[in-house]
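The chain contents come next:
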Amino acid sequence: MKTIKLSEKLSISAVAQGYWRLDGWDFSTDQLIEHMHACVERGVTTLDTAEIYADTLCETLMGDAFRKDKGLRGQVQLVTKTGIFRANVNSENFTYYDTTYERVMKSCKESLKRLGTDYVDLYLIHREDPCIDFADTARALKQIKKEGLALEVGVSNFDPFKFDALNREMGGELVTNQIEWNPVCFEHFNSGMIDFLTQKKIHPMIWSPLAGGRLFSQGDALSEKAMAKITEIAQRYGVEPTTIIYAWIMYHPVGAVPIVGSKNLNRLDAAIKAEDVHLKHFEWYEIYTASGQQALR
Ligand SMILES: NC(=O)c1ccc[n+]([C@@H]2O[C@H](COP(=O)([O-])OP(=O)(O)OC[C@H]3O[C@@H](n4cnc5c(N)ncnc54)[C@H](OP(=O)(O)O)[C@@H]3O)[C@@H](O)[C@H]2O)c1
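Residues numbered from 1 in each chain as written. Predicted model: local features only at pLDDT ≥ 70, side-chain atom pairs only at ≥ 80, totals over all residues. Heavy atoms only, no water.

If you check an unreviewed UniProt entry, the protein appears there as Putative oxidoreductase from Pelolinea submarina.

Right, here's the structure in full:
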């Protein structure tokens, strides 16, 4: 598998594996270790999680795997995120964001403890906090790098304005923006984020490349339209429709890294196969316009 260079210090696999849904997979620690090894054997060495996933449980489960199989941590690039919190207000959960210096520093150290590691390869601010103090958050991210708690830092779900503002405070050190992109989600094309990253040569990581499974749901008109075209293209290449979706994401000059969300290794193999599919230029546009959300002028 190809790697994508995010910085001089960090390259990640061209396809990453996500562990957001890990708490629902009913894996024992040994099964998780086996799953992670299966990823590594396939060249999928970049593993994604976050503090908020299952209220920190996903990090703990991954940490159990790293604690039990001591050699595993060194074979992967580990990505985690901070910034989303839940407060109990009048017995109800209220979700909010906190990207202040103190919170980010505390969260990072807590994540490392749960993950059973001294450092993560990539530490991200999870959401675009509307109450962010760019200088304060940048101070935390720089300190995290300085203390060796993370090799590199970045963000997730940021719009171009917020990305640029934080990156200026960081002296240009943000190495990625982890964003949603799939055949029914074009938010970051419409915001200009994809153009911004392409221009800056910053590679995004792509979450929910299959729209979290929505693409396969019956009765979802946008998904049905998109999948009809994707299936037609897949028949031209003799591959699974999902392979075409990954090939479509990886075709773009921004050099995006899709994150697979399934525990099913056959689905991971379908993503890996996308490396061998070279879409024709017009086919990229066929998928871009298939759901009817994006029109060419
Ligand atoms: N930064 C962020 O804000 C953010 C947000 C969300 C996710 N993420 C990251 O991105 C990763 C991927 O996100 P995701 O899990 O939403 O990715 P995804 O790959 O778009 O969706 C995975 C879901 O789709 C289902 N699926 C896959 N292929 C299918 C098929 N052929 N037919 C029916 N269902 C199918 C899977 O079910 P099966 O398990 O049964 O295969 C799974 O439930 C996460 O694990 C997480 O690491 C980041």
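Next comes the rest of the description.
Digging into the overall build of the protein
Looking only at helices and strands, one finds eleven helices and twelve strands in the protein. In terms of its C-alpha atoms, the protein occupies a principal-axis envelope of roughly 50 × 45 × 45 Å. Across the protein, the fraction of contacts at a sequence separation of at least 24, relative to all contacts at a separation of at least 6, is 74%. Put simply, the protein shows about 13,300 Å² of open surface, and 49% of that area lies on carbon and sulfur atoms. A gap of 2 Å separates the mean positions of the 34 positive and 40 negative side-chain charges of the protein. (Helix = DSSP H or I, 4+ residues; strand = E, 2+ residues; numbered from the N terminus. Contact = heavy atoms within 4.5 Å. Areas by Shrake-Rupley, 256 points an atom, 1.4 Å probe, with all protein chains shown as cover. Lys, Arg positive; Asp, Glu negative; His and termini not counted. Charge placed at Lys NZ, Arg CZ, Asp CG, Glu CD.)

Here's the deal with the site of the ligand
The full set close to the ligand counts 25 residues, and Arg21, Asp48, Ser208, Ser262 and Arg267 are the nearest of them. Between the ligand and Arg21, the relevant distance is 2.7 Å, taken from an oxygen atom to a side-chain nitrogen or oxygen of the residue. Within the side chain of Arg267, one N or O atom sits 2.4 Å away from an oxygen atom of the ligand. Starting from 920 Å² of accessible surface for the ligand in isolation, the protein chains cover 84%. Considered class by class, the residues forming the shell around the ligand number nine nonpolar, ten polar and six charged. (Near = heavy atom within 4 Å. Polar contact = N/O pair within 3.5 Å; in protein donor to acceptor, adjacent residues only side chain to side chain. Nonpolar A, V, L, I, M, F, W, Y, C, P; charged D, E, K, R; others polar.)

Quick word on the nonpolar core
Met62 and Trp181 are the most contacted members of the largest nonpolar core, which has 85 residues in total. Once residues within four sequence positions are removed from consideration, Trp181 is found in contact with Phe189, Ile194, Ile206, Trp207, Ser208, Pro209, Trp248, Ile249, His252, Val254, Ala256 and Trp284. Counting 13 residues, the second-largest nonpolar core is a separate cluster that includes Ala16, Leu124, Val175 and Ile259. (Core = buried A, V, L, I, M, F, W, Y, C linked by side-chain atoms within 4.5 Å. Buried < 20%, exposed > 50% of the residue type's maximum accessible area, 1.4 Å probe, protein only.)

Examining the UniProt feature "domain: NADP-dependent oxidoreductase" (unreviewed entry) in the protein
Taken from the UniProt record, the annotation "domain: NADP-dependent oxidoreductase" (unreviewed entry) applies to residues 17-287. What you have in residues 17-287 is 44% helix and 18% strand, and the ends, taken at the C-alpha atoms, are 24 Å apart. (UniProt positions renumbered as here; feature names shortened; annotations may be inferred.)

Section: the sheet that holds strand E10 (residues 174-180)
Spatially, the eight strands close up into a barrel ordered E3-E4-E5-E8-E9-E10-E11-E12, and their pairing is parallel. Taking the axes of each pair of neighbouring strands and ignoring which way they run, one obtains an average angle of 30° across the sheet. Packed on one face of the sheet, helix H3 (residues 101-115) meets strand E5 (77-82) and strand E8 (120-125) and runs near 140° to E8. Sheet contacts for helix H4 (residues 134-146): E8, strand E9 (150-156) and E10; angle to E9, the most-contacted strand, approximately 150°. (Pairing = 2+ DSSP bridges. Axes fitted to C-alpha atoms, helices over the stretch in contact; angles between N-to-C directions.)

Remarks on the packing of H4 against helix H5 (residues 160-169)
Axis separation between H4 and H5 bottoms out at 8 Å; the angle between their running directions is 55°. The angle between H4 and H5 places the two elements in the oblique class. For H4 against H5, the interelement crossing comes out right-handed. The segment H4 lies against H5, with Phe134, Ala135, Thr137, Ala138, Leu141 and Lys142 engaging Lys162, Ala165, Leu166 and Glu169. When the residues that make up the contact of H4 with H5 are grouped by side-chain class, the tally is six nonpolar, one polar and three charged. (Parallel < 35°, antiparallel > 145°, perpendicular 65-115°, else oblique. Left-handed = near helix turned anticlockwise from the far one by under 90°.)

A look at unusual backbone geometry
Unusually for a residue other than glycine, Asp55 sits at a positive phi of about 50°. Within the element layout of this structure, Asp55 appears in the loop between strand E4 (46-48) and helix H2 (57-68). Look at Ser208: it is not a glycine, yet its phi comes out positive at around 45°. Tracing the backbone shows Ser208 in the loop between strand E11 (205-207) and helix H8 (221-237).

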